[in-house]
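Close look at the chain arrangement
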Amino acid sequence: MSDYDYDLFVIGAGSGGVRASRIAASHGAKVAVAEEYRIGGTCVIRGCVPKKMLVYGSMFAEELGHADKYGWTIEGATFDWNALRSFVMADVDRLEGLYGNTLSSHEVELFRERATIAGPHEVTLASGKTVSAGTILIATGGWPSVPEFPGNDLCITSNEVFHLEQQPKSLVVQGGGYIAMEFASIFNALGTEVSVINRSDKVLRGYDVQIVERMLHIAMERGIDFRMSCEIEKVERDGDCLLVHTGTENPIRADQVLIATGRKPNSEGLGLENVGVELAGNGAIKVDEYNQTSCESIYAVGDVTDRVQLTPVAIREGHAFADSVFGGNKRTIDYDNIPSAVFTQPPLAGVGMTETEARSQYGGVKVYTSDFRPMKNLFSDHVERGLYKMIVDDTSGKILGIHMIGPESPEILQVAAVAVKAGLTKQAFDDTVALHPSMAEELVLLK
Ligand code: NDP
């Protein structure tokens, strides 16, 4: 019998926290989880999932635009933001229910309130109740980071964008990362006039430069207005609109301003100072490779540790933590060759080293590319081109990275990532017969 109320108390029921709770419970641990907002966390409630549904919703604009070439006459097609928003929110409710069922079916006790740390083995709930636990896991995720400027309270973040009462006719997006590019693309496709304000001349740092350039070219052709090396100085209300001052030109008039300038670890006010949990300068909880903090009984996984801010990574960390601490299987996770994608239109995706990274780390590198017009676009007057790149170590022939932009590229890249992870060579791709006609066949025909 344990001396504690619970073997494990998890703070935060997002991707990492729910996985850790479920696995620890299945290993026989008595588990409780506290969540102050909704079960599911950022990904399910206000991130990946509702975002992807907005992407799907916005893709109809393009599909309908080409439909006549394929013989379809679609009369009176209109778009209703409220209908899409309600559909998305209903699915978020459904998924939240499923996450809740997962917890209850594993007999994980749920406290729908904020929890803070009172001691190495003690958690205080917002209701005032204090409970004890042998191990505490912090899985509180991240929160949008908003730069200081007058009028930033008039702006929205990715937390609010899913709940807008109306589709903005005009939108200013600040930032050049995932969220900025994805929402600029969604609203542009839906017919909103979109301007992107980015503090440098680079967007999507970390992605292959050539692929990002292609994305920018297409986005500009589609009508997104990019203001590079530019920052918001002030936002003020002007009647129903907002005026965005950048200091370099006339203010931009917009219905909404979306700030997408990164997410900071959600570690404030958790009582970490009570137990000597060390934080990095940006508030990230420092952990070792087993997700253990500087306080022996406290662990952390997911975005609050700011290692790789991706849902599947948080899930793996939560699972590895539970196996290590409660399953008698102490293990770490492998952060090499994590595939990722940006769901712009068209989307881009990558795994492994970019060309720049490979050239700086390897002596000789060969780059194979295919710059092609997707067949789907050939049938219409769409001139956008896809671009696939494979970066190969010249000596061994081993693939170091694959990067692509084009329709469905995340779907294709997930499979290609298996080959990169497995250490396959370019020859293995050359030896594979093309599946014709497809876009993915370009990968085995790279020159
Ligand atoms: P990102 O880290 O991707 O990008 C932040 C952007 O904001 C960069 O362009 C950065 O510029 C800029 N920026 C940072 N600080 C400031 C500032 N003070 N003033 C002006 N610009 C600033 O963050 P996001 O918010 O887009 O996304 C957060 C995280 O969520 C991502 O890192 C990603 O891991 C995850 N995510 C993943 C998605 C996916 O997998 N498809 C989708 C959405 C989010 P600079 O480059 O100069 O630093």
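Heads up: the structure comes first, above all this text.
Described in the following lines is the structure provided in the data block. If you're wondering where the values come from, they're calculated on a predicted model, not measured in any experiment.

**A few points about the layout of surface pockets**
- Of the pockets and cavities examined, the second largest pocket occupies roughly 330 Å³.
- Elements that contribute at least two residues to the lining of the second largest pocket include exactly helix 3 (48-67), helix 9 (375-378) and helix 10 (409-421).
- Residue contributions to the lining of the second largest pocket peak at six residues, all from helix 3.
- Taken together, the residues that form the lining of the second largest pocket break down as nine nonpolar, five polar and nine charged.

**Some thoughts on helix 5 (residues 178-189)**
- Spanning 12 residues, helix 5 covers 17 Å between terminal C-alpha atoms, matching the ideal 16 Å at 1.5 Å per step.
- Burial runs high along helix 5: 10 of the 12 residues are buried.
- Backbone geometry just downstream of helix 5 places Gly191 in the positive-phi region, at approximately 100°.

**Let's talk about the sheet that holds strand 9 (residues 193-197)**
- As summarised here, the arrangement of the four strands in space is 10-9-8-14, forming an open sheet in which the pairing is parallel. The open sheet is flanked by strand 10 (225-227) and strand 14 (256-259), the only strands paired with a single partner. Going across the sheet, the axis of each strand differs from the next one's by a mean of 20°, ignoring polarity.
- In the sheet, strand 8 (residues 170-174) pairs with strand 14 via four bridges, with the strands oriented parallel. When the bridges of strand 14 are listed, Val173 appears paired with Leu258.
- The sheet contacts of helix 5 involve strand 8, strand 9, strand 10 and strand 14, and relative to strand 9 the element is tilted by about 165°.

**Considerations on the environment of Cys295**
- The residue Cys295 is located in the loop between strand 15 (263-265) and strand 16 (298-300) in this model.
- Note: C-alpha distance between Cys295 and Arg331 (36 residues apart in sequence) is 19 Å.
- Among residues more than four places away in sequence, those in contact with Cys295 are Pro120, Val275 and Val277.

**A closer look at the sheet that holds strand 21 (residues 399-405)**
- As summarised here, the arrangement of the five strands in space is 17-18-21-20-19, forming an open sheet in which the pairing is antiparallel. The open sheet has two edge strands with one neighbour each: strand 17 (340-342) and strand 19 (365-372). Put simply, the sheet's adjacent strands are angled 10° from each other on average, direction ignored.

**Some remarks on unusual backbone geometry**
- The step from Gln345 to Pro346 runs through a cis peptide bond, and the omega angle for that step is -5°.
- Mapped onto the elements of the fold, Pro346 is located in the loop between strand 17 and strand 18 (348-352).
- The peptide bond linking His436 to Pro437 adopts the cis configuration, its omega dihedral lying at -10°.
- Positive phi outside glycine occurs at Asn337, with the angle close to 55°.
- Among the structural elements, Asn337 can be located in the loop between helix 7 (311-326) and strand 17.

**Focus: the packing of helix 1 (residues 15-26) against helix 7**
- Between helix 1 and helix 7, whose axes approach to 7 Å, the crossing angle comes to 30°. Taken together, helix 1 and helix 7 sit at an angle that is classed as roughly parallel. Between helix 1 and helix 7 lies a crossing whose hand is right-handed. For the pair formed by helix 1 and helix 7, the contact residues are Ser15, Gly16, Arg19, Ala20, Ile23 and Ala24 on the first element and Thr311, Ala314, Ile315, Gly318, His319, Phe321, Ala322, Asp323 and Phe326 on the second.

**Quick notes on the site of the ligand**
- In the vicinity of the ligand lie 21 residues, with Ile179, Arg199, Arg205, Gln309 and Ala341 positioned nearest.
- In the environment of the ligand, an oxygen atom lies 2.9 Å from a nitrogen or oxygen atom belonging to the backbone of Gly176.
- For the ligand, whose free accessible area comes to 910 Å², the fraction covered by protein is 77%.
- Broken down by element, the residue count for the shell around the ligand peaks at three residues, all from helix 5.
- Of the residues that constitute the shell around the ligand, the class distribution is seven nonpolar, eight polar and six charged.

**Quick notes on empty space enclosed by the protein**
- Applying the stated criterion to the full structure yields one cavity of 30 Å³ or more.
- In this structure, the largest cavity spans a volume of roughly 80 Å³.
- Taken together, 13 residues line the largest cavity, and the ones lying closest to its centre are Ser185, Met215, Ala219, Thr344 and Gln345.
- Here the residues of the lining of the largest cavity sort into eight nonpolar, four polar and one charged.

**Thoughts on helix 3**
- Taking 1.5 Å per residue, 20 residues should reach 28 Å; helix 3 reaches 28 Å between its end C-alpha atoms and fits that length.
- Every buried residue of helix 3 is listed here: Pro50, Lys51, Met53, Leu54, Val55, Gly57, Ser58, His66 and Ala67.
- Close packing links the buried residues of helix 3 with helix 2 (41-46), helix 4 (81-105) and helix 5.

Cut-offs and rules
Residues numbered from 1 in each chain as written. Predicted model: local features only at pLDDT ≥ 70, side-chain atom pairs only at ≥ 80, totals over all residues. Heavy atoms only, no water. 1 Å grid on protein atoms, 1.4 Å probe; cavity = no way out; pocket = protein on both sides within 12 Å on 5 of 7 lines; lining within 4 Å. Points joined across faces, edges and corners; volume = space filled by probe spheres on them. Helix = DSSP H or I, 4+ residues; strand = E, 2+ residues; numbered from the N terminus. Nonpolar A, V, L, I, M, F, W, Y, C, P; charged D, E, K, R; others polar. Expected span 1.5 Å × (residues − 1). Buried < 20%, exposed > 50% of the residue type's maximum accessible area, 1.4 Å probe, protein only. Pairing = 2+ DSSP bridges. Axes fitted to C-alpha atoms, helices over the stretch in contact; angles between N-to-C directions. Contact = heavy atoms within 4.5 Å. Parallel < 35°, antiparallel > 145°, perpendicular 65-115°, else oblique. Left-handed = near helix turned anticlockwise from the far one by under 90°. Near = heavy atom within 4 Å. Polar contact = N/O pair within 3.5 Å; in protein donor to acceptor, adjacent residues only side chain to side chain. Areas by Shrake-Rupley, 256 points an atom, 1.4 Å probe, with all protein chains shown as cover.

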